[in-house]
Amino acid sequence: MVTGSGTAIRTEDFGTLADGTPVHRWTLERDGTRVRVLTYGGIVQSVEVPDRDGARADVALGLPDLAGYQAFSGPYFGALVGRYANRIGGARFELDGRTHRLTPNEGRNQVHGGARGFDKRVWRAREVAGGVELSLVSEDGEEGFPGRLAVSAAYTLDEGGALRITYRATTDAPTVLNLTNHTYWNLAGDGSGSALGQVLRIAAGRITPADAESLPTGAFLPVAGTRFDFREPVPVGAGYDHNFVLDGTGPAAELYDAASGRVLTVTTTEPGLQLYTADHFDGRPFGPCAGIALETQHFPDSPNRPEFPSTVLRPGEEFVSTTVYGFTVR
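In this text the structure is predicted, and so the values were computed from the model without any measurement.

> So what about the sheet that holds strand 14 (residues 163–171)? Which residues, and what values?
If you trace the nine strands from one edge of the open sheet to the other, you get 11-12-13-14-28-24-23-18-21, paired in antiparallel fashion. Each edge of the open sheet is held by one strand with a lone partner, namely strand 11 (124–128) and strand 21 (234–235). Pairing geometry for strand 24 (residues 262–268) and strand 28 (residues 319–329), over seven bridges, is antiparallel. Considered in strand 28, the bridge of Leu264 is made with Phe327.

See below:
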């Protein structure tokens, strides 16, 4: 069907989990953009957009079936990540004088919400103007996090075919929260190989340097004169898994593929962006650097870093975060 917003919306079955839980796929289409979203993990399965000649291709790394997402869960292909995107050191944090111990799932640390984060949950879905809203309740103590959290993510298409993701959450007890989408982008299109060499700009004058466990040291490193300086567009090389401190003016990032002419512009309300070039992909199912993740989020390990922007959510407050992925050509 086509809603009053101008977005065509349809839903279909996408398989069943071992416990009998059904999974559905929602397809949104508007102004040349076609997006497919799964209720499993809030996954963005595909994003099809035209090149400068009008030929449409899938620019988001995705898998064809539910079994694939369960078999290759580690890369978080297209997933909605939470309760806490990125890492929490020692799988613990202190809040209001109480220590909370989380489920470690990367050595001694917790990454992307633990062993059964939001990327492995089946979300409830309902149609909204311009798209679909996914929602779930994360119970108190899930993966060690305090508070009963009610969370939603609305995936909608704006005029021009931009994909907007709006996250909302409330809690009944003080907790921490950091949500992101983990899509890997390759503007050359599906099956094109490495995304390295595509041209990237990030509006960030600093990064938060990390140690050998990919945890922030607490310092802020100016990017000037380093390989982290993307303030002017430069081709992306390998070896990035770093948090950039966004300047907060204009788009957070822009990615450009010269061959196709496709441009991805990322705007966000978040203070940080994790650039990950997927160097460790081993060919199952994608090769090294097949996609570039641009994860808009708060900083890694913020619950243990009072010098970072706070990720605390308290009863009576509403968490609201928006990221928009716009598509154009040049």
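> Go over the packing of aromatic side chains with me, naming the residues and quoting the values.
Within the structure shown, the criterion is met by 15 aromatic pairs. Their ring planes at 70° and their centres at 5.6 Å tell us that Phe220 and Phe308 sit as a pair that is edge-to-face. Taken together, the residues span a long stretch of sequence, with Phe220 in the loop between strand 19 (204–208) and strand 20 (221–222) and Phe308 in the loop between strand 26 (292–297) and strand 27 (312–313) at a distance of 88 residues. According to the relative accessible area criterion, Phe308 is buried, its value standing at 5%. Over the ring of Tyr256 we find Arg330; its NZ or CZ atom is 4.5 Å from the centre of that ring.

> Explain the pairing of strand 23 (residues 253–256) residue by residue, including any values.
Neither face of strand 23 is open: one carries Ala253 and Leu255, the other Glu254 and Tyr256, and all of them are buried. Where strand 18 (residues 199–202) lies against strand 23, four bridges are found, and the strand directions are antiparallel. Within the sheet, the bridge partner assigned to Val199 lies in strand 23 and is Tyr256. Relative to strand 24, strand 23 runs antiparallel, the two being bridged by four bridges. Paired with Tyr256 across the bridge in strand 24 is Val263. Here strand 23 folds back onto strand 24, and the loop between the two strands holds five residues, one of which, Gly261, carries a positive phi near 85°.

> Go over the environment of Arg121, please, and point to the residues and values.
Structurally, Arg121 can be placed in the loop between strand 10 (110–111) and strand 11. Since its relative accessible area comes to 12%, Arg121 is described here as buried. When the C-alpha positions of Arg121 and Gly97 are compared, they lie 31 Å apart, and in sequence the two are 24 residues distant. Beyond its immediate sequence surroundings of up to four residues, Arg121 is in contact with Thr39, Tyr40, Gly41, Arg116, Leu136, Val137, Ser138 and Glu142. Only 3.1 Å separates the side chain of Arg121 from the backbone oxygen of Val137, close enough to count as a polar contact. In terms of polar contacts, Arg121 uses its side chain to reach the side chain of Glu142, at 2.8 Å.

> Could you give an account of the sheet that holds strand 4 (residues 44–50), naming the residues involved and the relevant values?
Here we have five strands laid out as an open sheet, ordered 1-2-3-4-5, and antiparallel in their pairing. A single partner strand is all that each edge strand has here, and the edge strands are strand 1 (8–16) and strand 5 (56–58). Neighbouring strand axes in the sheet, compared pairwise and without regard to direction, differ in orientation by 15° on average. Across three bridges, strand 4 lies against strand 5 in antiparallel orientation. What sits directly across from Pro50, in strand 5, is Arg56.

> So, the side chain of Gln274: which residues are in play, and what are the values?
The topology assignment puts Gln274 in strand 25 (residues 272–276). The class of Gln274 is buried, set by a relative accessible area of 4%. Separated by 3.0 Å, the side chains of Gln274 and Asn86 make a polar contact. Within the structure, the side chain of Gln274 is placed 3.3 Å from the backbone nitrogen of Asn243, a separation counted as a polar contact. Leaving out residues up to four positions away in the same chain, Gln274 has contacts with Asn86, Asp241, His242, Asn243, Ala293, Leu294, Glu295, Gln297 and Pro300.

What counts as what
Residues numbered from 1 in each chain as written. Predicted model: local features only at pLDDT ≥ 70, side-chain atom pairs only at ≥ 80, totals over all residues. Heavy atoms only, no water. Pairing = 2+ DSSP bridges. Helix = DSSP H or I, 4+ residues; strand = E, 2+ residues; numbered from the N terminus. Phe/Tyr/Trp six-rings, centres within 6.5 Å; stacked < 30°, edge-to-face > 60°. Buried < 20%, exposed > 50% of the residue type's maximum accessible area, 1.4 Å probe, protein only. Lys NZ or Arg CZ within 6 Å of the ring centre and 35° of its normal. Contact = heavy atoms within 4.5 Å. Polar contact = N/O pair within 3.5 Å; in protein donor to acceptor, adjacent residues only side chain to side chain. Axes fitted to C-alpha atoms, helices over the stretch in contact; angles between N-to-C directions.

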